[in-house]
Amino acid sequence: MLVLDFGGQYSQLIARRVREARVYSELVSHRLTAEEIRARRPLALLLSGGPASVYAEGAPQADAAIFDLGVPTLGICYGMQLMARELGGAVESNEVSEFGKADVALEPSGALFRDLQADQVVWMSHRDSVTAPPPGARVTASSETTPIAAFEDPDRSLYAVQFHPEVVHTPQGQRMLESFLYEVAGAPPSWTPAAVIEEQVELIRAQVGLEKVICGLSGGVDSAVAALLVHKAVGDQLTCVFVDHGLLRENEAEQVVETFGSHFHVPLVHVDARERFLSRLQGVDDPEEKRAIVGEEFIRVFEEEARTLGDVRFLVQGTLYSDVIESGGDVGVAAKIKSHHNVGGLPADMRMELVEPLRSLFKDEVRRVGEQLGLPERMVWRHPFPGPGLAIRIIGDVTEERLSILRHADAILLEEIRRADLYRELWQCFAVLPAIRSVGVQGDERTYAYPVVIRAVTSEDAMTADWARLPHELLDTIASRIVNEVPGVNRVALDLSSKPPATIEWE
């Protein structure tokens, strides 16, 4: 399935919902031509929503010829309006906008709504509306303010809904999407972790051939799953390299070496590069510069290790789909939120070719693949940890003192979260150290020390996230322990921001 992205806030979510139906999907640019789409041979197209009016100057458009490909196509919100306009219908601006939950009446004979109750709650988010369907299409849903809430033209395999079936606020939305995928497009629900493994093993073998490969291990699930996939594909051609850059959490380097020594039957090289990375980061407080430095230095270390191993041409990285999207995307529409060290931070003159078997997967999908590969549970469910490590959880210059403070505070936080049996319920939980000081009173004396910020979120895929409602008693215990046990800290704050508008990490 190809999801054409017109800039909607739910574009990635559409692709995710299709994958949850065990059908593979990719988010692609709306600028693809009909011929480029035909060459991809998709089973179906889904046109996303978007913030613009179809008549606005500069609004994203599609090649009108896509509607003549004979490929089943579902337009959602803006995608519906674009389809209607291109095919001879009418779209007009409403006097009253429709945002939020709405009651709609469905036509049960509509291909997307079979076996559903006629009265449904859906999620609307639009100002413009289709006021006349394209010739040959019939209306299959309506609401009080949107008489044409859906239409279809089965003879041309064209379907459209004004509401958003991909969001949880449309309770039967997933069933509607599955009706389109299974019944209309005839897509088999065959995209499973086992299928992903089989496909990636073939792709890795085709890319690598008989060449040597090295994989940078961080101890996280992404690099671990990438390593297992490559090892399954090419066996002893792979050597794993663990680089201790001095930016890891407390005791993490030792845990990584022990874990991989116990569970991976591949050579593991442990490189102590702490002094090297900290020297490069000295005096740097800009987060994008930190990422670029860490990304470049990683590559340089890997290149040096590759030379000691002989002529190694390939480097494995655990790059995820969310990394690609946030770094500006492959599709030409996503805004650059921040460069990820393994995407936007890579040096231009890198000499090795990348092998990225997880580049099309979200984090939860990687975890399912990891479970299928037999990865230990404690590694599969480890909270995401950024490649630049604590360097981007220190807001300001990275120093040994600040790293020590942050490690200690973070260890206390995670210890209490695990003790409260909340670790698996959270997507991420970590401490942040802003490089500022504030006045405090400890032992009847004035202190001038750092604050520590607690960041805890829930999420499915890191594309959106909500701040976690941790119990007050737990927060009290965490704050008390950090202030009392971590020298140099006199204040603890809680981050109550969701994503959007904030990101999960601070930098």
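Residues numbered from 1 in each chain as written. Predicted model: local features only at pLDDT ≥ 70, side-chain atom pairs only at ≥ 80, totals over all residues. Heavy atoms only, no water.

**A short note on the pattern of salt bridges**
Logical step 1: Enumeration according to the criterion identifies 34 salt bridges in this entry.
Logical step 2: The salt bridge involving Arg455 is made with Asp495; its shortest N-O contact spans 3.4 Å. Here Asp495 lies in the segment after strand E20 (489-494) and Arg455 lies in strand E18 (residues 445-458), a separation of 40 residues in the sequence. The pair Arg455 / Asp495 is uniform in exposure class, with both members buried.
Logical step 3: Because the salt bridges share partners, they merge into one network encompassing Arg276, Arg280, Glu296, Glu297, Arg300, Glu303 and Glu304. (Salt bridge = Lys/Arg side-chain N within 4 Å of Asp/Glu carboxyl O. Helix = DSSP H or I, 4+ residues; strand = E, 2+ residues; numbered from the N terminus. Buried < 20%, exposed > 50% of the residue type's maximum accessible area, 1.4 Å probe, protein only.)

**Topic: the state of the cysteines**
Each disulfide consists of one covalent bond between the sulfur atoms belonging to two cysteines.
Logical step 1: Under the defined criterion, the tally for this structure stands at zero disulfides.
Logical step 2: Left without a disulfide partner, Cys240 is nearest to the cysteine sulfur of Cys215, which lies 4.8 Å away. (Disulfide = S-S within 2.5 Å.)

**A word on the environment of Asn490**
Logical step 1: Looking at the secondary structure, you find Asn490 in strand E20.
Logical step 2: Taking the C-alpha atoms as reference points, Asn490 and Gly216, separated by 274 residues in sequence, lie 37 Å from one another.
Logical step 3: The residues contacting Asn490, other than those within four sequence positions of it, are Ser438, Val439, Gly440, Gln442, Thr447, Tyr448, Ala449, Tyr450 and Val483.
Logical step 4: Engagement of the side chain of Asn490 in a polar contact is seen with the side chain of Thr447, the distance being 3.0 Å. (Contact = heavy atoms within 4.5 Å. Polar contact = N/O pair within 3.5 Å; in protein donor to acceptor, adjacent residues only side chain to side chain.)

**A few points about the confidence of the model for the protein**
Logical step 1: Of the residues in the protein, 93% have a pLDDT of 70 or more, and the chain-wide mean is 89.
Logical step 2: Overall, residues 328-345 carries pLDDT values under 50, and its contacts beyond four positions in sequence, including any with other chains, amount to 62 contacts. (pLDDT = per-residue confidence, 0-100.)

**Digging into helix H3 (residues 78-86)**
Since there are 3.6 residues in each turn of an α-helix, residues three or four apart along the chain are aligned in direction.
Logical step 1: Most of H3 is tucked away: seven of the nine residues are buried.
Logical step 2: Among the residues making up H3, those that are buried are Tyr78, Gly79, Met80, Gln81, Leu82, Met83 and Ala84.

**Section: the environment of Ser53**
Logical step 1: As for its placement among the helices and strands, Ser53 is situated in the loop between strand E3 (45-47) and strand E4 (73-76).
Logical step 2: It is 12 Å that separates the C-alpha atoms of Ser53 and Ser125, two residues lying 72 residues apart in sequence.
Logical step 3: The contacts of Ser53, once residues within four sequence positions are left out, are Ala59, Tyr78 and Asp128.
Logical step 4: Polar contacts involving the side chain of Ser53 include one to the side chain of Asp128, which spans 2.7 Å.

**Brief notes about the packing of helix H8 (residues 274-281) against helix H9 (residues 287-308)**
Logical step 1: Put simply, H8 and H9 touch, their axes get as near as 10 Å, and they point 145° apart. Once H8 is placed against H9, the crossing between them reads as right-handed. Across the interface between the two elements, Arg276, Phe277, Arg280 and Leu281 of H8 pack against Lys290, Ile293, Val294, Glu296, Glu297, Phe298, Arg300, Val301 and Glu304 of H9.
Logical step 2: A breakdown of the residues in the contact of H8 with H9 according to their chemical character gives six nonpolar, no polar and seven charged. (Axes fitted to C-alpha atoms, helices over the stretch in contact; angles between N-to-C directions. Left-handed = near helix turned anticlockwise from the far one by under 90°. Nonpolar A, V, L, I, M, F, W, Y, C, P; charged D, E, K, R; others polar.)

**Concerning the sheet that holds strand E13 (residues 312-316)**
Logical step 1: With respect to topology, five strands assemble into an open sheet ordered E12-E11-E10-E13-E14, the strand pairing being parallel. The sheet is open, and its two edges are formed by strand E12 (268-272) and strand E14 (353-355), each paired on a single side. Adjacent strand axes in the sheet meet at a mean angle of 30° when their direction is disregarded.
Logical step 2: Packed onto the sheet, helix H6 (residues 221-234) meets strand E10 (212-217), strand E11 (238-244), E13 and E14 and runs at close to 160° relative to E10. (Pairing = 2+ DSSP bridges.)

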